[in-house]
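# Geometric and topological summary
Each chain is listed here by its residues.
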Amino acid sequence: RYFCYKSIDLYDKENTLIYEGDYVAAKVANDRTVIGIVGFAHEISAYVIFCVDYDEYYTLGSEVAEFVKVIGNVFDGYENEEEQNGQQTLQESET
């Protein structure tokens, strides 16, 4: 079985091209950060971020992309930044 995830022609805040199936961290209303998967919502004919932890989605457009960071994809998964920072701190303290 083959999967084809195409670029959505938007770049995140670190100038990384965003693809369908990417995991992203996005800053939304009230300075809340959500993690979600980029996909196409046929009901509204737009690319959206489907949140992993909440039953909600956010429309993804050029005005929002500056608040988004690609953190992984559906093939490789993702690591939470807090977990990464904790592991780096742990490794530094062991040396």
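Residues numbered from 1 in each chain as written. Predicted model: local features only at pLDDT ≥ 70, side-chain atom pairs only at ≥ 80, totals over all residues. Heavy atoms only, no water.

### Remarks on the pattern of salt bridges
According to the stated counting rule, one finds two salt bridges in the structure shown. Note that Glu56 and Arg32 form a salt bridge whose closest N and O atoms lie 2.8 Å from each other. On the criterion of sequence distance, the pair formed by Glu56 in the loop between strand E5 (46–51) and strand E6 (57–59) and Arg32 in strand E4 (residues 32–41) is long-range, its members being 24 residues apart. Classification of Glu56 as partly exposed rests on a relative accessible area of 27%. (Salt bridge = Lys/Arg side-chain N within 4 Å of Asp/Glu carboxyl O. Helix = DSSP H or I, 4+ residues; strand = E, 2+ residues; numbered from the N terminus. Buried < 20%, exposed > 50% of the residue type's maximum accessible area, 1.4 Å probe, protein only.)

### Concerning the confidence of the model for the protein chain
On average, the protein chain scores 79 in pLDDT, and the residues at 70 or more come to 78%. Scored below 50 in pLDDT, residues 82–95 shows two contacts in the model against residues more than four places distant or in partner chains. (pLDDT = per-residue confidence, 0-100. Contact = heavy atoms within 4.5 Å.)

### Digging into the nonpolar core
In this structure, Ile8, Ile18, Val24, Val38, Ile49, Leu60 and Val68 are the most contacted members of the largest nonpolar core, which totals 14 residues. When residues of this core are traced back to their parent elements, those giving at least two are strand E1 (7–11), strand E3 (22–28), E4, E5 and strand E7 (68–73). Ignoring any residue separated from it by four or fewer positions in sequence, one finds Ile49 in contact with Val24, Ala26, Gly36, Ile37, Glu56, Tyr57, Tyr58, Leu60 and Val68. (Core = buried A, V, L, I, M, F, W, Y, C linked by side-chain atoms within 4.5 Å.)

### A closer look at a nonpolar patch on the surface
On the surface, Tyr5, Tyr19, Val74 and Phe75 cluster together to form a nonpolar patch covering roughly 370 Å² of accessible area. Among the secondary structure elements, Val74 is positioned in the loop between E7 and strand E8 (77–78). Given a relative accessible area of 32%, Val74 falls into the partly exposed group. (Patch = residues over 30% accessible without salt bridge, like charges linked within 9 Å, V, L, I, M, F, W, Y side chains within 5 Å. Areas by Shrake-Rupley, 256 points an atom, 1.4 Å probe, with all protein chains shown as cover.)

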